[in-house]
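These are the residues of each chain, in order.
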Amino acid sequence: MKRSPEPSPLEAIRSRLAACFASTDFEGAMWLVGGCVRDPLLGRPEPPDVDVAVLGSALEAAQAMWERGLAKYPPVQYPRFGTARIEVEGVTIEFASTRAESYSEDSRKPEVRPATLEEDARRRDFTVNALFRDVFSGELVDPTGVGLADLNARVLRTPTDPELTFSDDPLRMLRAIRFRWSLVFEPAPGLYEAIVASAPRLQIISGERIQEELLKMLAIPAASQCLEDLRQTGLLGQFWSEFCALSGVEQGDYHHLDAWEHTLAVLDATDPGDPILRLAALFHDIAKPQTRTVEPDGRVRFLGHETVGAEMARAMLRRLKFSNEVVDAVSLLVRHHMRLAPGRTLSQPAARRLIRDIGDELERLLDLIEADRKGHKPGVAGVDVEEVRAAVERVARETPREKIVSPLDGEKIMQLTGLTEGPSVGRIKLYLEEAVIEGRLAPGDESAAEQMIPDALKWAQKEP
């Protein structure tokens, strides 16, 4: 006897919901909505979360699932917005009462009131996200009347006037660009014009929310198209205007693209699954407009753009509330992306310095340098990243990063020299560390390090 195929996780959750709420006031008043309806219709993988619209109290629905033993933990409730979140079998279910929303001029937090399914559909961001599937019958419901047609035609359209939709919640403008390129949809007539007109409204959105949308854009293969749309619509200028200055900056003989086009090419050459690398690619040349000079012979130079760029990246990432871990990693990569010169063999001391200075970010740095090379004019010699990688691996086996340090600590140096704590002690440690890097001193060789103290002391007492 042939076994029936296992239901998908989404169908299993729908069955759970139907069984839980059969013969209750929620029967016939509960629908799946949003991505969990849209994506299966597009043949895309089911999303990890499920949104459920409830004609009634979403808080009571979520609580009922908990009380009936279908969840390990009680729901998280948001009474002001009529929403509740609960986890069932590893799937997060967000219940939301069908509602209408009104917004004030200076806030994206709405005042809400209970509403019909049709009103709920009109307050959503796009018609393709306003398709509902009845939890009990499985029937597809299209309250806007155009959602299914837009889905089949792959058109992105707002349920109401786009300027009103974007004014109510300006974050939807970023979502429009992300959905356009992640779903491969065409914007409906007037959609992008409304974004241009409404772009200044993005100022009321918090840095954290913009960061979240940006990271989602960077995680798709078409991230560069998203960034170009952000620039052309004026959205990029609302939070990272520094990038707009890259457009039109000519880079000289080694480049066939301007600084902005080159940045997007480098971004395209990186892994969408690595957000730190994607951000480093985006920021690696951010300081070129400020550092551009033209030599008497016509050569274009960007001296120090990596150092200035690292500080700019730090400030701009903090503007959007990125974590210290991300800020530090990205600024480190930007600062060192010019570290390796094309055509030069990496010496052992240079490899040790690279291991010491870059640490755990070394693999990302090599990936960034390789991506940067791909963004140059075809035929221009670049760093042989594979050769560098092999050289670093050889040196790292002999001298791991943790051994590239002074064999003597500060306390021992003070004991041997009679110095008190201060800059000279630090400079002696640096001298001994450099001796390890250059191969003049074996890692951990305290006896040989002590013999070097007189020379180290003389060097430390010179003018820095």
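Please refer to the structure higher up on the page.
Residues numbered from 1 in each chain as written. Predicted model: local features only at pLDDT ≥ 70, side-chain atom pairs only at ≥ 80, totals over all residues. Heavy atoms only, no water.

*Asks:* Please clarify how the overall build of the protein should be interpreted in this entry.
*Replies:* Across its full length, the protein holds 23 helices and 13 strands. In terms of principal-axis extent, the alpha carbons of the protein reach across some 90 × 55 × 55 Å. Long-range pairs, those at least 24 residues apart, make up 64% of the contacts in the protein with a sequence separation of at least 6. Surface summary for the protein: the accessible area is close to 22,600 Å², and the carbon and sulfur share equals 49%. (Helix = DSSP H or I, 4+ residues; strand = E, 2+ residues; numbered from the N terminus. Contact = heavy atoms within 4.5 Å. Areas by Shrake-Rupley, 256 points an atom, 1.4 Å probe, with all protein chains shown as cover.)

*Asks:* When you look at the sheet that holds strand β4 (residues 83-88) in this model, what are you seeing that I'm missing?
*Replies:* Across a sheet, strands are paired by hydrogen bonds formed along the backbone, either parallel or antiparallel in direction. Taking strand neighbours across the sheet as the criterion, the seven strands line up as β3-β4-β5-β2-β1-β8-β9 in an open arrangement whose pairing is mixed. Strand pairing shows two members of the sheet lacking a second neighbour, β3 (76-78) and β9 (140-141), which therefore form its edges. With respect to the sheet, helix α3 (residues 58-67) is in contact with β1 (30-33), β2 (49-54), β3, β4 and β5 (91-97), its orientation differing from that of β4 by roughly 20 degrees. (Pairing = 2+ DSSP bridges. Axes fitted to C-alpha atoms, helices over the stretch in contact; angles between N-to-C directions.)

*Asks:* In this structure, what is going on with the pairing of β5? I would like to understand it.
*Replies:* Along a regular strand, successive side chains alternate from one face of the sheet to the other. Among the seven residues that make up β5, six are buried, leaving the element largely enclosed by the rest of the structure. Pairing analysis gives six bridges linking β2 to β5, with the strands arranged parallel. Residue pairing across strands places D51 opposite E94, the latter belonging to β5. Between β4 and β5, which pair antiparallel in sequence order, lie two residues; one of them, E89, sits at a positive phi of approximately 50 degrees. (Buried < 20%, exposed > 50% of the residue type's maximum accessible area, 1.4 Å probe, protein only.)

*Asks:* Even after reading the chapter, I still don't get unusual backbone geometry, so can you show me in this structure?
*Replies:* Glycine aside, a negative phi is what most residues show, and trans is what most peptide bonds show. For S23, which is not glycine, the phi torsion reads 60 degrees and is therefore positive. With respect to the helices and strands, the residue S23 is situated in the loop between α1 (9-21) and β1. Residue classification places S23 among the exposed residues on the basis of a relative accessible area of 73%. Backbone geometry places R154, a non-glycine residue, at a positive phi of 55 degrees. One can find R154 in the loop between α5 (147-153) and β10 (155-156).

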